[in-house]
Amino acid sequence: MVPGPLMIADQAAVESMILITLENFPSHAIPGNRFWDAGKPLLIVGMAGIVVVFDFDKTIIDCDSDNWVVDELGATELFNQLLPTMPWNSLMDKMMRVLHSQGKTIEDIAECLKRAPLHPRIIPAIKSAHALGCDLRIVSDANLFFIETILKHHGIMGYFSEINTNPSFIDEEGRLRILPYHDITSSPHECILCPPNMCKGLVIERIQNSASAEEKKRFIYLGDGKGDFCPSLKLGEADFVMPRKNFPVWELICSNPMLIKAEINEWSDGEELERVLLHLINKISIKENNSIDSSQLISVDCKFQIIPISTLEAFPQALSVPQVLPVGQ
Ligand SMILES: [Mg+2]
Ligand SMILES: [Zn+2]
């Protein structure tokens, strides 16, 4: 099925796209063209139908949020002592109790999370992928409070349609409670690859099954950890996995390449993540646009200019601009 045209009328999205285009694809920017005026509605063809799934720790942020909070609030030694005695997820809940008993408030934890390191190209990458019509989701073994606090602090919460992670809440004493994603006692998952509290592969299967057969979604999955291997195995031949180079999931994928159906594209830092991700979105979009016949484009009731696909494909090394058509003059 050919994806329908997608209207981007949001000023922030338009500006972010223009910024990214000017920075990354300067040879395709046409100075003086009305298309480049910020705030003008733009029409982008064929970008919908891509689901980008991000791991959070060491993928969106450049550290592990659990370790970050424990280290910053001075509880590393106790954490390391207790780790061999209980699952990570239960230990984090316990660490929140210990920190609370030491007088650390939820505000102290939030302030600490706001300082978590994030590569400067991650936010532009997220904004561009969203502006290009991708459905962005998070699948993480951190917890909802940590993730929401960081995303809201950086103003990027609204770019994600879904956050799948361990639930958390603040109890009547003001202590942060962290619970497992799966109910360990009543309905344990049977995956041998994943920790008892969360199987990310089951989350991916649920997202895959929620789309009907007609609106076949293409997946791009980004992650770094051991827990990202199981979801990578669930991806199909038309999907892409982006493992972080020299991190556990990359090593697992490299030692078991035959088990992976998806195309493998590694990245090592935020800059490379942005470049590879936008390249893949662009590649999928060009392929899908090839199946759109010109009568469909001309049926749009406005004046516009089409960048011929052949021009884009003449630059295999560089990332090319997706087809962007101005609406109205
Ligand atoms: Mg991670
Ligand atoms: Zn699993």
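Remember, predicted model here, so these are calculated numbers, not experimental data. (Residues numbered from 1 in each chain as written. Chains lettered and ligands numbered in written order. Predicted model: local features only at pLDDT ≥ 70, side-chain atom pairs only at ≥ 80, totals over all residues.)

Digging into the overall build of the chain
Alright, step 1. Of regular secondary structure, the chain possesses 13 helices and 11 strands.
Alright, step 2. Taken over 329 residues, the chain has a buried fraction of 36%.
Alright, step 3. Once local pairs closer than 6 in sequence are excluded, the contacts in the chain between residues at least 24 apart make up 67%. (Helix = DSSP H or I, 4+ residues; strand = E, 2+ residues; numbered from the N terminus. Buried ≥ 20, exposed ≤ 12 C-beta atoms within 10 Å, placed from the backbone. Contact = placed C-beta atoms within 7 Å.)

A look at the pairing of strand S3 (residues 50–54)
Alright, step 1. Across the 5 residues that make up S3, a large majority, 5, are buried.
Alright, step 2. What you see with S3 is no split at all: Ile50, Val52 and Phe54 on one side and Val51 and Val53 on the other are buried throughout.
Alright, step 3. Where S3 and strand S8 (residues 218–223) come together, 5 bridges link them in parallel fashion. Within the sheet, the bridge partner assigned to Val51 lies in S8 and is Phe219.
Alright, step 4. Bridging between S3 and strand S4 (residues 135–143) involves 4 bridges; their strand directions are parallel. Counted as the bridge partner of Phe54 is Ile138 from S4. (Pairing = 2+ DSSP bridges.)

Comments concerning the confidence of the model for the chain
Alright, step 1. Taken over all residues, the pLDDT of the chain has a mean of 82, while the share at 70 or more is 72%.
Alright, step 2. Here residues 29–46 scores under 50 on pLDDT; set against residues more than four positions off or in separate chains, the count is 48 contacts.
Alright, step 3. Contacts from residues 293–329, a stretch scored under 50 in pLDDT, to residues over four places away or in other chains number 60 contacts. (pLDDT = per-residue confidence, 0-100.)

Focus: the sheet that holds strand S5 (residues 160–166)
Alright, step 1. Strand order in the open sheet formed by 6 strands is S5-S4-S3-S8-S9-S10, with parallel pairing between adjacent strands. In the strand order of this sheet, the two ends are held by S5 and strand S10 (263–264), each with one partner.
Alright, step 2. Strands S4 and S5 of the sheet are contacted by helix H7 (residues 144–153), whose axis makes an angle of about 130° with S4. (Axes fitted to C-alpha atoms, helices over the stretch in contact; angles between N-to-C directions.)

Observations regarding the environment of Ser65
Alright, step 1. Its location among the elements puts Ser65 in helix H2 (residues 65–72).
Alright, step 2. By the C-beta count within 10 Å, which is 25 here, Ser65 ends up buried.
Alright, step 3. Separated by 51 residues in sequence, Ser65 and Ala116 have C-alpha atoms that sit 7.3 Å apart.
Alright, step 4. Those residues within four positions of Ser65 in sequence are excluded, and the remaining contacts are Asp57, Leu113, Ala116, Ala142 and Phe146.

What to know about the packing of helix H5 (residues 106–114) against H7
Alright, step 1. Between H5 and H7, the least distance of the axes is 9 Å, while the angle of their chain directions is 55°. Classified by the angle between their axes, H5 and H7 sit oblique to one another. Once H5 is placed against H7, the crossing between them reads as right-handed. Here H5 contributes Ala110, Leu113 and Lys114 to the contact with H7, which in turn contributes Phe146, Thr149, Ile150 and His153.
Alright, step 2. Looking at side-chain class alone, the contact of H5 with H7 contains 4 nonpolar, 2 polar and 1 charged residues. (Parallel < 35°, antiparallel > 145°, perpendicular 65-115°, else oblique. Left-handed = near helix turned anticlockwise from the far one by under 90°. Nonpolar A, V, L, I, M, F, W, Y, C, P; charged D, E, K, R; others polar.)

Brief notes about the nonpolar core
Alright, step 1. One finds Ile220, Met242, Leu277 and Ile281 to be the most contacted residues of the largest nonpolar core, which totals 64 residues.
Alright, step 2. Looking at this core, the element that brings in the most residues is helix H11 (residues 270–289), giving 7 residues.
Alright, step 3. Sequence-distant contacts of Ile281, defined by excluding residues within four places in its chain, comprise Ile50, Ala129, Leu132 and Cys134. (Core = buried A, V, L, I, M, F, W, Y, C linked by C-beta atoms within 7 Å.)

Focus on the packing of H2 against H5
Alright, step 1. Put simply, H2 and H5 touch, their axes get as near as 10 Å, and they point 120° apart. Taken as axis vectors, H2 and H5 run oblique relative to one another. In this structure, the crossing between H2 and H5 has a hand that is right-handed. Along the contact surface, H2 presents Ser65, Val69 and Glu72, while H5 presents Ile109, Cys112 and Leu113.
Alright, step 2. Of the residues belonging to the contact of H2 with H5, the class tally is 4 nonpolar, 1 polar and 1 charged.

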